[in-house]
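Observations on the model geometry
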Amino acid sequence: MKRVLQNREFQQDIDCIESEMNYTMSKKLILRHPLSLLHRKFLCKKHASRASSDENAKKAKRSWKRIQFYGRRKIMKKNDTAVVKIEDIGINGEGIGKADGYTLFIKDTVMGDLVEVKVMKAKKNYGYAKLLRVIEPSKNRVEAKCPVAKQCGGCQIQEMDYQEQLQFKQKKVIGNLERIGGFAPEVLEKITQPVCGMDEPFHYRNKAQFPIGTDKDGKAVAGFYAGRTHQIIPNTDCALGVSQNQQILEEILSIMNENHIPAYNEQDCSGLVRHILIRYGFTTKEIMVCFVINGDNLPCADKFVDKLSQIEGMRSITFSKNKENTNVIMGKEIEVLWGDGYITDYIGNVKYQISPLSFYQVNPVQTEKLYKYALEYAGLTGEETVWDLYCGIGTISLFLAQKAKQVYGVEIVPQAIEDAKQNAELNDMKNAQFFVGKAEEILPAYYENYAKEHPGQQAHADVIVVDPPRKGCEEALLETMVKMQPDRIVYVSCDSATLARDLKYLCGEGYALEKVQVVDQFPNTVHTECVTLLQRSRGKK
């Protein structure tokens, strides 16, 4: 009774019902009469049915439904505990369960787990809880390979069986295409291919960026940030990275501690070494190390070079100056300490030169599969003109150039375009041309200039490939793509929500979604990649 009296919304709903009653039953009688909650709800329902007008009846009916909901849902508070069955998985990999109808999001749980939890944050309709213990583990729960998987923010779903991870990611993509894109489930069922996973879902990353900090004893440590914090969890042997990372980091930390070289402190912007970037060529076995420093020079550079250059495969040792108070990891300039300013590696038969600032897919095994799907969907015969937007260092561009007549690549980062041109030379590909600038500006400008230079004609592309960042494509770019009337659009995406939004636009402008292929680029995390094919509808002008 007391909880109901304190519930302002409950009282407002009672007010709504009673204000429309034709007879004299006071609010005081309903609220204070010593009847059960069930009986009071019955009275409210009865009186709601006697409202004086259709409009007010609807209003009263809505209030009655809310009262029903309040009656069966338990409102939980911070520090409450509960036993919950995990019934679903959220988009960020957190388990979802209900305690007496109240929805809780619980990190480190797997669908099917029966768990005891503690509420850490409570809102009106849902809350976030901390896992206290697993009472009955799900059949899909496995032991994490990494000892700090729970503390580290990198592997959100490492305790989920890998086949279950793949189904979770497939479901996530399809769900966004249905909910945001508006695609019918029966259509998606026909065009969505089985998810493409890995045989070995560990040690797949060719790149790692380790923040450097100081422990309570004043020693330099390397690791990864705990989820949603900047607290470093020490770990030099990440289960997703290559084994060479550990040896490299231990050599660096040893020299830093022996020579009292301070780690960066982001609280007061003091200290020197901020991050260590390591890249590894899976095919060439070449290694790059880049120090990111809060200064102009790296002390004891000769000692670092002496130790690191002895590691098998080491080809590049550099440093990047970043003296800004920012979360951006890399600085804008790279200085070489030893060797070259780059390493090389292959995707399929194409060789790439990779600098510290290059965007290069982190999972080369899955990237080759992803690009093969993109190449297949492009349907090239050797006569096509292809635009590759957000081309990076030309990875997809050069992959497509193997079978296209001409490829144009666009990328906003000048250094990436320099790398792309170098990569074209490296592979003796003369049918690839690259432009620096925003894809959202370059393509519309090209379209307009072409119309001016060729009166009565318009720029045309046979195939357009886009691989945008997580935010997806701007509408101005999508509009220009449609104007260029490509026969096929291949959309590669790392965020299925923005993919769904953009596909909805394109399909509203005369394109049909023909194929959807989910590729697991990032096992043991919630992230995934997806490649889709859109075909221009026949007769569409």
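Residues numbered from 1 in each chain as written. Predicted model: local features only at pLDDT ≥ 70, side-chain atom pairs only at ≥ 80, totals over all residues. Heavy atoms only, no water.

1. Observations regarding the side chain of D388
- Along the polypeptide, D388 turns up in strand 15 (residues 385-389).
- For the buried residue D388, which engages in no salt bridge, the nearest side chain bearing the opposite charge is R488, 14 Å off.
- Apart from the residues within four sequence positions on either side, D388 is in contact with I396, S397, V407, Y408, G409, V410 and V465. (Helix = DSSP H or I, 4+ residues; strand = E, 2+ residues; numbered from the N terminus. Buried < 20%, exposed > 50% of the residue type's maximum accessible area, 1.4 Å probe, protein only. Lys, Arg positive; Asp, Glu negative; His and termini not counted. Salt bridge = Lys/Arg side-chain N within 4 Å of Asp/Glu carboxyl O. Contact = heavy atoms within 4.5 Å.)

2. Considerations on the packing of helix 13 (residues 439-453) against helix 14 (residues 475-483)
- For the pair helix 13 and helix 14, interaxial distance at closest approach is 9 Å and the crossing angle is 35°. Here helix 13 runs over helix 14; the crossing is left-handed. Contacts between helix 13 and helix 14 pair A439, E440, L443, P444 and Y447 from the former with A476, L477, T480, M481 and K483 from the latter. (Axes fitted to C-alpha atoms, helices over the stretch in contact; angles between N-to-C directions. Left-handed = near helix turned anticlockwise from the far one by under 90°.)

3. Section: empty space enclosed by the protein
- In total, this model carries one cavity of 30 Å³ or more according to the counting rule given.
- Taken as a whole, the largest cavity encloses approximately 30 Å³ of empty space.
- The wall of the largest cavity is formed by N206, R279, Y280, I343, I354 and Y360.
- A per-class count over the lining of the largest cavity returns four nonpolar, one polar and one charged. (1 Å grid on protein atoms, 1.4 Å probe; cavity = no way out; pocket = protein on both sides within 12 Å on 5 of 7 lines; lining within 4 Å. Points joined across faces, edges and corners; volume = space filled by probe spheres on them. Nonpolar A, V, L, I, M, F, W, Y, C, P; charged D, E, K, R; others polar.)

4. Overview of the sheet that holds strand 17 (residues 432-436)
- The sheet built from seven strands is open, its strands ordered 17-16-15-18-19-21-20 with mixed pairing. The open sheet has two edge strands, strand 17 and strand 20 (511-519), and neither has a second partner. Mean inter-strand twist for the sheet, computed between neighbouring axes without regard to direction, equals 15°.
- Inspection of the sheet shows strand 15 paired to strand 16 (residues 406-411) by five bridges, in the parallel sense. When the bridges of strand 16 are listed, D388 appears paired with G409.
- Set on the sheet, helix 15 (residues 496-507) makes contact with strand 19 (488-493), strand 20 and strand 21 (529-536); between it and strand 19 the angle comes to about 165°. (Pairing = 2+ DSSP bridges.)

5. Here we look at the confidence of the model for the chain
- Looking at the chain, the pLDDT average stands at 88 and 86% of residues meet or exceed 70.
- Across residues 1-11, confidence stays below pLDDT 50; counting only partners more than four residues off in sequence or on other chains, it has 17 contacts.
- Below a pLDDT of 50 lies the segment residues 67-71, which in the model reaches 11 contacts outside its immediate sequence neighbourhood of four places, other chains included. (pLDDT = per-residue confidence, 0-100.)

6. Notes on the sheet that holds strand 3 (residues 102-106)
- Reading around the barrel, the five strands line up as 1-2-3-5-4 and close back on themselves, with mixed pairing between neighbours. Averaged over all pairs of adjacent strands, the angle between their axes in this sheet comes to 50°, without regard to strand direction.
- Across five bridges, strand 2 (residues 95-99) lies against strand 3 in antiparallel orientation. Bridge pairing in strand 3 links A99 to Y102.

7. Brief notes about the side chain of N423
- Looking at the secondary structure, you find N423 in helix 12 (residues 414-426).
- Residue class for N423 comes out buried when judged on its relative accessible area of 0%.
- A distance of 3.0 Å separates a polar side-chain atom of N423 from the backbone oxygen of I393.
- When residues no more than four places from it in sequence are discounted, the contact partners of N423 are K351, Y352, Q353, I393 and L398. (Polar contact = N/O pair within 3.5 Å; in protein donor to acceptor, adjacent residues only side chain to side chain.)

8. Re the layout of surface pockets
- Taken as a whole, the second largest pocket holds about 910 Å³ of empty space.
- If you trace the second largest pocket, you find 30 residues lining it, with E94, K107, D108, G227 and R228 closest to the centre.
- Residue assignment for the lining of the second largest pocket shows that the elements contributing at least two residues are strand 3, strand 4 (114-122) and strand 5 (126-136).
- Per element, the largest residue contribution to the lining of the second largest pocket is four residues, and it comes from strand 5.
- Residue composition of the lining of the second largest pocket, grouped by class: 14 nonpolar, eight polar and eight charged.

9. Re the packing of aromatic side chains
- Throughout the structure, instances matching the rule amount to 14 aromatic pairs.
- Relative to Y126, the ring of F105 has its centre 5.9 Å away and its plane inclined at 90°; by these criteria the two rings are edge-to-face. Highlighted residues: F105 in strand 3 and Y126 in strand 5, separated in sequence by 21 residues.
- Take Y126: its relative accessible area is 28%, and that puts it in the partly exposed class. (Phe/Tyr/Trp six-rings, centres within 6.5 Å; stacked < 30°, edge-to-face > 60°.)

10. Examining the environment of C152
- Tracing the backbone shows C152 in the loop between strand 5 and helix 6 (162-179).
- Considering only alpha carbons, one finds C152 and T229, 77 residues apart in sequence, at a separation of 9.8 Å.
- The residues contacting C152, other than those within four sequence positions of it, are F224, Y225, A226, G227 and I233.

11. Observations regarding the pairing of strand 1 (residues 81-89)
- Across five bridges, the pairing between strand 1 and strand 4 is antiparallel. Looking at the pairing, K85 lines up with L114 of strand 4.
- Judged from the three bridges that link them, strand 1 and strand 2 form a sheet pairing that is antiparallel. Note that in strand 2 the partner of I86 across the bridge is G97.
- Here strand 1 folds back onto strand 2 in antiparallel fashion, the turn holding five residues, of which G93 has a positive phi close to 90°.

12. Considerations on the nonpolar core
- F291 and L389 are the most contacted members of the largest nonpolar core, which has 84 residues in total.
- The dominant element in this core, judged by the number of residues it contributes, is helix 8 (residues 244-258), at six residues.
- Setting aside its immediate chain neighbours within four residues, L389 contacts V410, A439, L443, I464, V465, V466, D467, L477 and M481.
- Residues Y377, L380, V407 and V519 belong to the second largest nonpolar core, which totals 39 residues. (Core = buried A, V, L, I, M, F, W, Y, C linked by side-chain atoms within 4.5 Å.)

13. Some words on the pattern of salt bridges
- Scanning the entire structure with this criterion turns up 17 salt bridges.
- In this structure, the salt-bridge partner of K169 is D520, at a minimum N-O distance of 2.6 Å. Residue K169 is located in helix 6, and its partner D520 is located in the loop between strand 20 and strand 21; the two are separated by 351 residues in the primary sequence. Comparing K169 with D520, the two get one shared label, buried.
- Close ionic contact of E376 with K515 constitutes a salt bridge, the shortest N to O distance being 3.7 Å. Highlighted residues: E376 in helix 10 (residues 364-378) and K515 in strand 20, separated in sequence by 139 residues.
- Judged by its relative accessible area of 47%, E376 is partly exposed.
- Put simply, D113, R141 and E159 are held in one network by salt bridges that share partners.

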